[in-house]
Number of protein chains: 2
Amino acid sequence: MKHERSKRFHKMAKITDIAKRAGVSIATVSRVINHSGNVKKSTKEKVLKAIKELSYTPNFPARYLKTKRTLTIGMVVPDITNPFFPMVFRGAESVVKQENYTIILCNTFEDEYEEMRYLSILEAKKVDGILLIKAPARSGNEQYMQKLKNLSIPIVYLDRLPKLQDIPAVVADNVGGGYAATSHLLKLGHKRIAIITVHYPLTVHRERLQGYVKALREHDIPISRLYIKKGASTIEEAISLAPSLLNMKNRPTAIFVTNHKMTIGLMRALEMAGLQCPEDISVVGYDDFDWENVFHPRLTVVAQPTYQLGQAAAGLLIEILRDRTDSMHHKIVMLSTELKIRESCGIYRQNKLRKP
Amino acid sequence: MKHERSKRFHKMAKITDIAKRAGVSIATVSRVINHSGNVKKSTKEKVLKAIKELSYTPNFPARYLKTKRTLTIGMVVPDITNPFFPMVFRGAESVVKQENYTIILCNTFEDEYEEMRYLSILEAKKVDGILLIKAPARSGNEQYMQKLKNLSIPIVYLDRLPKLQDIPAVVADNVGGGYAATSHLLKLGHKRIAIITVHYPLTVHRERLQGYVKALREHDIPISRLYIKKGASTIEEAISLAPSLLNMKNRPTAIFVTNHKMTIGLMRALEMAGLQCPEDISVVGYDDFDWENVFHPRLTVVAQPTYQLGQAAAGLLIEILRDRTDSMHHKIVMLSTELKIRESCGIYRQNKLRKP
DNA sequence: CCATTTTATGGAAACGTTTAATCCTTTAAG
DNA sequence: CTTAAAGGATTAAACGTTTCCATAAAATGG
């Protein structure tokens, strides 16, 4: 018995069926579908009628062969489970849907090889463009850079920049974010401010650290290596990293965490160490979500323009696709972040921490 | 000036190029690519060499024309921003990727028309199958049911069931969830237990309510309409719904919220009313996420097998696609939920609420 | 009313594959 | 050594569109 679709799935009408039923040529049918060329009102109606009667829809993959457009774009993200990304997805979707694009979503889990695999697939599937939130670069993965460079599809980088700079991208102002967070703590009187950040070679975290350093410098506070902790961006990692900070003789009075998952890990570690926030130690985290303004302690965080990142990146990509050109080649747009001040930072004065 | 891709995007090699370079026919090239038919070792090597040299990848849309498979599936969800869905997405992705499928993700925002629009697009794009978390049915939208029934693509329903029952689906045990949550409260001594749930005509919420009713019945506690609040599944809605419960003469001592967003809204409402949880009132919520075990009050929730839902649904779909048949037509698989007991429920005894 | 332009249609090629049908070589069997 | 079977490769026909080119019909201008 040959494999075949059961009767439930009747074969779809194709353009020749429409042509036959309407008594015209397929060229004419095509013309009414695509609103291209002239076609007499009466025949147009005949065709439209046939289309409705057979509930015909054009076959996209077939159409691609001539048009070279799939009306599909690819979006590759590290992990859609990190609530940062769904928001940028929605931003992107909201703009591409206007132009009838559809998005293939790919999770790379911060793995460059997985990313390469997906990029290859997207290329084979002939997506019109790609929104790429890249995985951290493995040292010396020349093959990867080569692949990116030779990709036959327009890319817009999102959130994270690759080494090569001559590409269109939209990113958040990370040094601004790190600076704002640290400045806030400084303003509250903190002097021993630690940072927990990510060890991946990602622009994002390097820049947030940069902002932190900049703020401290401005206040003539020496940077101590002991106050800078780096690790993988996971809850567990933060939990295992935190004690080295919490058990110091000169324990920091405030900690800035540059990443959402690690923020959760840190809070867990504080509990485990029996430390109250903000009474015993202040925390500012990264990324802002619904629940953060409800549950305790209410975190002071630097909020990123997630939705707008998605929108902007998608907009840029659409532009590039519209007039298939590299004119926007070097365009990098940067969106600013916002410090949301809530209750996780106390005032530090003469060796005591107080609620503000 | 004609629109055309800039030089940066060189045209891709096609199968004829490979054939020419390897000095064989395109049929042979196709055979080595697809491992179909016999081909001599030496020619195979020649072909492989040519493929590598020109870095050729088969053109999927073109290939579809003959194979009738796009290796793409569609997944339509209400809102990827609700952290429940990213988890099921990942579950689904983890299994379909094994078979080289890729997922088009569509947000419907609980809107049936938007869903119809997306289903039409997915059909036109010839995805091989669809994972559908449907939007709530608008009353009397006959057109929609018609569309679903006539869809030319295999569907697996996820999480939510449609009216017509003869379809493959995977869902969570919602009455079990509602029952477990309510029973837990009952066991703690609560008698005045309210429920906040969603007014959409969705099986999911109806069933959770069912579980709630069942548990109360078993304890011979009369069901009061006043303790049952329904509304849209948003934070704001819960905030505006809550006071009618909180300000009653006979205020409930516990509230069961059947939905994640509304849980957040309720907690906000409690704060606004100056009520402590669990001291003044107990809460059990729905859906479990990282932060819920860290921030306060730590919510007791019924956790759904999100990842597994995605896995199971994708697995079922793959099976259906493998032998293109409707054999699994009636298969409905149900996964069980788990009550995660934490700190948001106090013991109720003789008119006082205490921590357990 | 003729010449010319515009509008309306159809025929057929092309897009990049897979795959049946076919043909030519080997190889193995008797 | 002859013949049949198996193996290896090719030719050509699809798949469902769009679009160029050609042609027919209608509209326009003088």
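Only a predicted model underlies this, so the values are computations on that prediction, with no experimental measurement involved. (Residues numbered from 1 in each chain as written. Chains lettered and ligands numbered in written order. Predicted model: local features only at pLDDT ≥ 70, side-chain atom pairs only at ≥ 80, totals over all residues. Heavy atoms only, no water.)

Student: Would you mind showing me how to read the relation of the copies chain B and chain A here?
Tutor: The two copies are related by a screw motion: chain B maps onto chain A through a turn of 180° and a shift of 0.0 Å along the axis, at an RMSD of 0.0 Å. Viewed as a symmetry operation, the transformation between the two copies matches a two-fold axis. Most of the interface of chain B is mirrored in chain A: 100% of its interface residues are interface residues there too. (Least-squares fit on C-alpha atoms with pLDDT ≥ 70 in both. Contact = heavy atoms within 4.5 Å.)

Student: Looking at this structure, how should I read the interface of chain B and chain A?
Tutor: One frequent convention defines the size of an interface as the accessible area lost when the parts assemble. Of the residues lining the interface, 70 residues belong to chain B; the matching set on chain A comes to 70 residues. Summed over both partners, the interface of chain B with chain A comes to about 6,600 Å²; 56% of that surface belongs to carbon and sulfur atoms. Counting across the chain B and chain A interface gives eight salt bridges. We note a salt bridge from B:Arg298 to A:Glu271, for which the minimum N-O separation is 2.5 Å. Counting only elements with at least two residues in the side of chain B that touches chain A, the list comes to helix H4 (60–67), helix H5 (84–96), strand E2 (102–107), helix H6 (112–124), helix H7 (142–150) and helix H11 (260–272) of chain B. (Buried area = accessible area lost by both parts, 1.4 Å probe. Salt bridge = Lys/Arg side-chain N within 4 Å of Asp/Glu carboxyl O. Helix = DSSP H or I, 4+ residues; strand = E, 2+ residues; numbered from the N terminus.)

Student: Got a minute to help me understand the pairing of strand E8 (residues 254–257) of chain A in this structure?
Tutor: Each regular strand carries side chains that alternate between the two faces of the sheet. All names here are of chain A. Burial of E8 is two-sided: the residues Ala254 and Phe256 facing one way and the residues Ile255 and Val257 facing the other way are all buried. For strand E6 (residues 193–198) and E8, the ladder comprises four bridges, and the chain directions are parallel. Bridge pairing in E8 places Ala194 opposite Ile255. Bridge count for E8 against strand E9 (residues 282–286) is three bridges, and the pairing is parallel. From the neighbouring strand, Ala254 faces E9, where its bridge partner is Ser282. Where the polypeptide runs from E8 across helix H11 (residues 260–272) and back to E9, its parallel neighbour, the crossover connection is right-handed. (Buried < 20%, exposed > 50% of the residue type's maximum accessible area, 1.4 Å probe, protein only. Pairing = 2+ DSSP bridges. Right-handed = clockwise from strand over helix to strand, strands pointing away.)

Student: Would you mind showing me how to read the side chain of B:Asp287 here?
Tutor: All names here are of chain B. You can see Asp287 is positioned in the loop between strand E9 (282–286) and strand E10 (300–303). Buried within the structure, Asp287 lacks any salt-bridge partner; its nearest side chain of opposite charge belongs to Arg208, at an N-O separation of 5.5 Å. A polar side-chain atom of Asp287 sits 2.8 Å from a polar atom in the side chain of Gln304. Other than its neighbours up to four places away in sequence, Asp287 contacts Phe84, His260, Glu292, Val301, Val302 and Gln304. (Lys, Arg positive; Asp, Glu negative; His and termini not counted. Polar contact = N/O pair within 3.5 Å; in protein donor to acceptor, adjacent residues only side chain to side chain.)

Student: Explain the protein's contact with DNA strand C here, please?
Tutor: Near DNA strand C, the surroundings consist of 28 residues, among which A:Ser25, A:Arg31, B:Lys14, B:Ile15 and B:Ser30 are the closest. A distance of 2.7 Å separates a phosphate oxygen of DNA strand C from a polar backbone atom of B:Ile15. By residue number, the principal contributor to the surface near DNA strand C is H4(B), which donates five residues. When grouped by side-chain class, the residues that make up the surface near DNA strand C number 11 nonpolar, 10 polar and seven charged. (Near = heavy atom within 4 Å. Nonpolar A, V, L, I, M, F, W, Y, C, P; charged D, E, K, R; others polar.)

Student: Help me understand the nonpolar core in this model?
Tutor: In globular proteins that are soluble, nonpolar side chains generally tend to be buried together. Core analysis: the biggest nonpolar cluster contains 98 residues, and A:Tyr212, A:Ile255, A:Leu270, B:Tyr212, B:Ile255 and B:Leu270 have the highest contact counts within it. In contact with A:Ile255, not counting residues within four places along its chain, are A:Ala194, A:Ile196, A:Leu245, A:Leu246, A:Leu266, A:Ile281, A:Ser282, A:Val283 and A:Val284. Formed by 57 residues, the second largest nonpolar core is a distinct cluster that contains A:Leu105, A:Val170, B:Ile318 and B:Leu321. (Core = buried A, V, L, I, M, F, W, Y, C linked by side-chain atoms within 4.5 Å.)

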